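In case you want the letters, here they are:
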Amino acid sequence: MRKETWLATLSYLSSILLLLSFLYWFLKNEGFNETTFLFGGMFTLLLAVGWGYIIASHLILPRKKTQEYLLDLTKNIIHELNIPLATIQANSSMVARKLEDEKLQKRLKRIEDATSRLRRLYEELVYVIKKEVHEIKKEVFDLKYLIEERTEIFKEQQRNPIILTLESFYVLTDKIGFEQMFDNLLVNAMKYSSKEMPIEIRLTNDTLKIIDRGIGMDETQIVKVFEHYYQGDIRQKGEGIGLALVKAFCDGEKITITINSQKDKGTEVILDLTKIIHTLL
């Protein structure tokens, strides 16, 4: 798409230069006065409009139609994906209640975990498509309550202990996007920590921190951590896109994200929320 955009720009620029050259030649030969200027200017303008239309119809419009078709197709596929996902989750929960064989229970748990990851990917994809179709409305909300609500869901999974240090803090931002961004950071902290190690979440002084005592990263890994499909530890299950989505959201909302990490000691993710603060009147 970028190549085609540059090609269209250069083509149009070249055509404008040719038209200006024609206008200069015409005025030089016919003499410069009000009549010749208006005639030459109108003729040049009509040629510029015609050439612009040709460029748009042959280079830009076909690509736009293709993008619209793919977007519509993607939305339909995503809608259809929701049905089997819901069916798998509902039936696996029903089977789990009656299943007594320990080995089968473990296998069923793997299916449930995989379905949960697919559900998370599905929700993220739906959110991204909605953002492409129309602008997401920003909301004012207390971040403290959002974090308490999201962490309560993770506590029910009996994973890592979660330590909260939260102040009431109102922000103006895309609430759904913030939830997904926070969930990704928390899931990442848990994924690379043993189940016994606590995850600390601190919301103080216009800053949100998520701190784990997991495997940590070296400087090389920190540089790559926001790349699509990068995984710090290939032995861990995951899709490798979570932190790329986190970075995209933070950039869009002007939230500065910093990662401090040491190998085998843990990771600290710091979000500077200064730009999304909302002061209640």
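Computed from a predicted structure; not experimentally measured.

What counts and how
- Residues numbered from 1 in each chain as written.
- Predicted model: local features only at pLDDT ≥ 70, side-chain atom pairs only at ≥ 80, totals over all residues.
- Heavy atoms only, no water.
- Helix = DSSP H or I, 4+ residues; strand = E, 2+ residues; numbered from the N terminus.
- Expected span 1.5 Å × (residues − 1).
- Buried < 20%, exposed > 50% of the residue type's maximum accessible area, 1.4 Å probe, protein only.
- Polar contact = N/O pair within 3.5 Å; in protein donor to acceptor, adjacent residues only side chain to side chain.
- Pairing = 2+ DSSP bridges.
- Axes fitted to C-alpha atoms, helices over the stretch in contact; angles between N-to-C directions.
- Contact = heavy atoms within 4.5 Å.
- Core = buried A, V, L, I, M, F, W, Y, C linked by side-chain atoms within 4.5 Å.
- Phe/Tyr/Trp six-rings, centres within 6.5 Å; stacked < 30°, edge-to-face > 60°.
- Lys NZ or Arg CZ within 6 Å of the ring centre and 35° of its normal.
- Patch = residues over 30% accessible without salt bridge, like charges linked within 9 Å, V, L, I, M, F, W, Y side chains within 5 Å.
- Areas by Shrake-Rupley, 256 points an atom, 1.4 Å probe, with all protein chains shown as cover.
- Salt bridge = Lys/Arg side-chain N within 4 Å of Asp/Glu carboxyl O.
- Lys, Arg positive; Asp, Glu negative; His and termini not counted.

Asker: Whenever I open this one, helix α5 (residues 175-191) confuses me. Can you help?
Answerer: Residue pairs three or four apart in sequence face the same way in an α-helix, which turns once every 3.6 residues. Taking 1.5 Å per residue, 17 residues should reach 24 Å; α5 reaches 24 Å between its end C-alpha atoms and fits that length. Among the 17 residues in α5, 13 count as buried, and that is most of the element. With a side-chain oxygen positioned 3.3 Å from the backbone nitrogen of Ile176, the residue opening α5 is Asp174.

Asker: When you look at the sheet that holds strand β5 (residues 207-212) in this model, what are you seeing that I'm missing?
Answerer: To summarise the sheet geometry, strands pair through backbone hydrogen bonds and adopt either a parallel or an antiparallel arrangement. Taken in spatial order, the five strands of this open sheet run β2-β4-β5-β7-β6, and their pairing is mixed. Across the chains shown, the open sheet's two edge strands, defined by having one partner strand only, are β2 (162-166) and β6 (256-262). Direction aside, neighbouring strands of the sheet carry axes that sit 10° apart on average. Strand contacts of helix α4 (residues 143-155): β2, β4 (199-204) and β5, with the helix running at about 175° to β2, the strand carrying the most contacts.

Asker: Any chance you could explain the nonpolar core here in plain terms?
Answerer: Grouped burial of nonpolar side chains is what soluble globular proteins tend to show. If you look at the biggest cluster of nonpolar residues, it comprises 36 residues, and the most contacted ones within it are Leu143, Phe178, Leu208, Leu271 and Leu273. Contributions of two or more residues to this core are made by α4, β2, α5, β4, β5, α7 (242-252), β6 and β7 (266-272). The greatest single-element share of this core, amounting to seven residues, is contributed by α5. Once you skip the residues sitting within four places of it in the chain, Leu143 turns out to touch Phe169, Val171, Phe178, Leu203 and Leu273.

Asker: Which parts of the structure should I look at to understand the packing of aromatic side chains?
Answerer: The relation between two aromatic rings is expressed through the spacing of the ring centres and the mutual angle of the planes. This model, assessed by the stated rule, comprises two aromatic pairs. Taking the centre distance of 6.5 Å and the plane angle of 70° together, the rings of Phe141 and Phe178 count as edge-to-face. In this pair, Phe141 is assigned in strand β1 (residues 139-142) and Phe178 in helix α5, connecting sequence segments 37 residues apart. Residue Phe141 shares its accessibility class with Phe178, and that shared class is buried. Taking the ring centre of Phe141 as reference, the NZ or CZ of Lys175 above it sits at 5.5 Å. Against the face of Phe226 rests Lys247, its NZ or CZ located 5.9 Å from the ring centre.

Asker: How do you make sense of a nonpolar patch on the surface when you look at a structure like this?
Answerer: Where nonpolar side chains cluster on the molecular surface, the patch consists of Trp6, Leu10, Leu13, Leu17 and Leu20 and spans about 550 Å² of accessible area. Note on placement: Leu10 falls in helix α1 (residues 2-30).

Asker: Is there a simple way to think about the environment of Met190 in this case?
Answerer: Its place among the elements puts Met190 in helix α5. By relative accessible area, which is 4% here, Met190 ends up buried. As a C-alpha pair, Met190 and Arg213 span 23 residues in sequence and 9.4 Å in three-dimensional space. Among all residues touching Met190, those that are not within four sequence positions of it are Phe154, Arg159, Asn160, Ile162 and Ile199.

Asker: Can you walk me through the side chain of Glu253 in this structure?
Answerer: Relative to the helices and strands, Glu253 resides in the loop between α7 and β6. Relative accessible area serves as the criterion here: at 10%, Glu253 is assigned to the buried category. Separated by 2.7 Å, the side chains of Glu253 and Thr173 make a polar contact.

Asker: Got a minute to help me understand the pairing of β6 in this structure?
Answerer: Of the two faces of β6, the one holding Ile257, Ile259 and Ser261 is buried and the one holding Thr256, Thr258, Asn260 and Gln262 is not buried anywhere. Examined bridge by bridge, β6 and β7 share seven bridges and lie antiparallel to one another. When the bridges of β7 are listed, Thr258 appears paired with Ile270. Once β6 ends, the chain turns through three residues before running back antiparallel as β7, passing Asp264 with a positive phi of about 65°.

Asker: Help me understand the side chain of Asp212, please; the structure alone is not making it clear to me.
Answerer: If you trace the backbone, Asp212 turns up in strand β5. Put simply, Asp212 is tucked away with no salt bridge, and the nearest opposite charge, on Arg213, sits 8.4 Å away. Setting aside its immediate chain neighbours within four residues, Asp212 contacts Ala189, Ser193, Pro198, Ile199, Lys265, Gly266 and Thr267.

Without other data, these values stay purely geometric and don't point to any function.
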